[in-house]
Amino acid sequence: MHRPTWVEIDLNALRHNLFAIKKWVGPQIKILGIVKADAYGHGDYEVSRVLLNNGVEMLGIAILEEGIQLRDKGIKAPLLILGGIFEEQIDTVIQYGLTPTVYDLKLAEVLSKRAYYFNTIMKVHVYVDTGMGSIGVKYDKAVEFVKFVKNMKNLLIEGIYTHCSSSDEKDSAFTNLQIKRFRDVLDALDASKACIPLRHMANSGAILGYPEAYFNMVRPG
Ligand SMILES: *Cc1c(COP(=O)(O)O)cnc(C)c1O
């Protein structure tokens, strides 16, 4: 069976880009490969396979349905849902072994209760708003939020992250402010022994221009 040539070229280019990013950020930085929106229209399953076969351990998707599709096609790697989820989606998230993002205490409580019901510990990532102003736990409330979630018996905070809103733009002042706000949150958590293993901020733009935004994981799209 022949696969169309352009797919192979595409996937070779992808592998090439992945190795370029790895070399750029260095071996100690983990990569969360973003495959949302059908991997930007390149085919999320094919792209996921290439990333996972080349050392990427975790993938990022936008919505629950993308996770269901990847699981149904046999992808077993950790899948982080970058967008929010609705309460009525929680059981499906658990059944498909997906990793939700949390930034709302009420939703986190329901997640923990449902995880208890299914007799499981669910990994979650906390999303911090460092300036975009839309969704997320505001940076000055993040430490308190993490402490609440840490006390929820069936949730395990595996990661914490934020997003740069203007890393592609020339004015770096705002991105630097976002980095500082996020770092302050992480320092405060470390100081209170609530240290979280995975910390990530940088999208492609920030990978190129802001090494201080790497923390220990980056999110190229
Ligand atoms: C889409 C997305 C990315 C990747 O962004 P690029 O600019 O394509 O690199 C990273 N993080 C989050 C949270 C995203 O939603």
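Model, not experiment: these values are computed from the prediction.

### Re the overall build of the chain
Okay, step 1: Helices and strands together make up the secondary structure of the chain, namely 9 helices and 9 strands.
Okay, step 2: Against the compact-globule benchmark of 17 Å for 221 residues, the chain has a radius of gyration of 18 Å, which places it among compact chains.
Okay, step 3: Structurally, the chain occupies a C-alpha span of about 55 × 45 × 30 Å along its principal axes.
Okay, step 4: Buried residues in the chain amount to 46% of all 221 residues.
Okay, step 5: By sequence separation, contacts in the chain at least 24 residues apart represent 61% of the contacts at least 6 residues apart.
Okay, step 6: In the form shown here, the chain has an accessible surface area of approximately 11,500 Å², with 55% of it arising from carbon and sulfur atoms.
Okay, step 7: For the chain, the distance from the average site of its 26 positive side-chain charges to the average site of its 25 negative ones is 6 Å.

### Comments concerning unusual backbone geometry
Okay, step 1: With phi around 55°, Asp 38 is a residue other than glycine that occupies positive phi space.
Okay, step 2: On the secondary structure map, Asp 38 appears in helix α2 (residues 36–41).
Okay, step 3: Given a relative accessible area of 36%, Asp 38 falls into the partly exposed group.
Okay, step 4: In this structure, Phe 215 is a non-glycine residue whose phi angle is positive, near 50°.
Okay, step 5: Tracing the sequence through the fold places Phe 215 in the loop between α9 (204–209) and β9 (217–218).
Okay, step 6: When its relative accessible area of 21% is taken as the criterion, Phe 215 is described as partly exposed.

### Considerations on the site of the ligand
Okay, step 1: What surrounds the ligand is the set Ile 34, Lys 36, Tyr 40, Leu 82, His 163, Asn 203, Ser 204, Arg 219, Pro 220 and Gly 221.
Okay, step 2: Contact between the ligand and Lys 36: an oxygen atom at 2.7 Å from a side-chain N or O atom of the residue.
Okay, step 3: Between an oxygen atom of the ligand and a side-chain N or O atom of Asn 203, the distance comes to 3.3 Å.
Okay, step 4: Against a free-state accessible area of 390 Å², the protein chains account for coverage of 79% of the ligand.
Okay, step 5: Considering only residue class, the shell around the ligand consists of 4 nonpolar, 4 polar and 2 charged.

### Here we look at helix α8 (residues 173–191)
Okay, step 1: In a regular helix each residue adds 1.5 Å, so 19 residues correspond to 27 Å; α8 covers 27 Å between its end C-alpha atoms and thus fits that length.
Okay, step 2: Here α8 has its buried residues at Thr 175, Gln 178, Ile 179, Arg 181, Phe 182, Val 185, Leu 186 and Leu 189. For α8, the arc enclosing every buried residue in end-on projection is 160°, short of the 170-degree limit, so these residues lie on one face.
Okay, step 3: Against β5 (122–129), α7 (142–150), β7 (155–161) and β8 (198–200) lie the buried residues of α8.
Okay, step 4: Of the residues flanking the end of α8, it is Lys 193, one or two places downstream, whose phi is positive at about 60°.

### Some points on helix α6 (residues 105–117)
Okay, step 1: Look at α6: 18 Å from first C-alpha to last across 13 residues, which is about the 18 Å you get at 1.5 Å a residue.
Okay, step 2: Two residues or fewer past α6, Asn 119 is found with a positive phi of approximately 60°.

Conventions we followed
- Residues numbered from 1 in each chain as written.
- Predicted model: local features only at pLDDT ≥ 70, side-chain atom pairs only at ≥ 80, totals over all residues.
- Heavy atoms only, no water.
- Helix = DSSP H or I, 4+ residues; strand = E, 2+ residues; numbered from the N terminus.
- Rg over C-alpha atoms; globule rule 2.2 N^0.38 Å.
- Buried < 20%, exposed > 50% of the residue type's maximum accessible area, 1.4 Å probe, protein only.
- Contact = heavy atoms within 4.5 Å.
- Areas by Shrake-Rupley, 256 points an atom, 1.4 Å probe, with all protein chains shown as cover.
- Lys, Arg positive; Asp, Glu negative; His and termini not counted.
- Charge placed at Lys NZ, Arg CZ, Asp CG, Glu CD.
- Near = heavy atom within 4 Å.
- Polar contact = N/O pair within 3.5 Å; in protein donor to acceptor, adjacent residues only side chain to side chain.
- Nonpolar A, V, L, I, M, F, W, Y, C, P; charged D, E, K, R; others polar.
- Expected span 1.5 Å × (residues − 1).
- Arc of directions from axis to C-beta.

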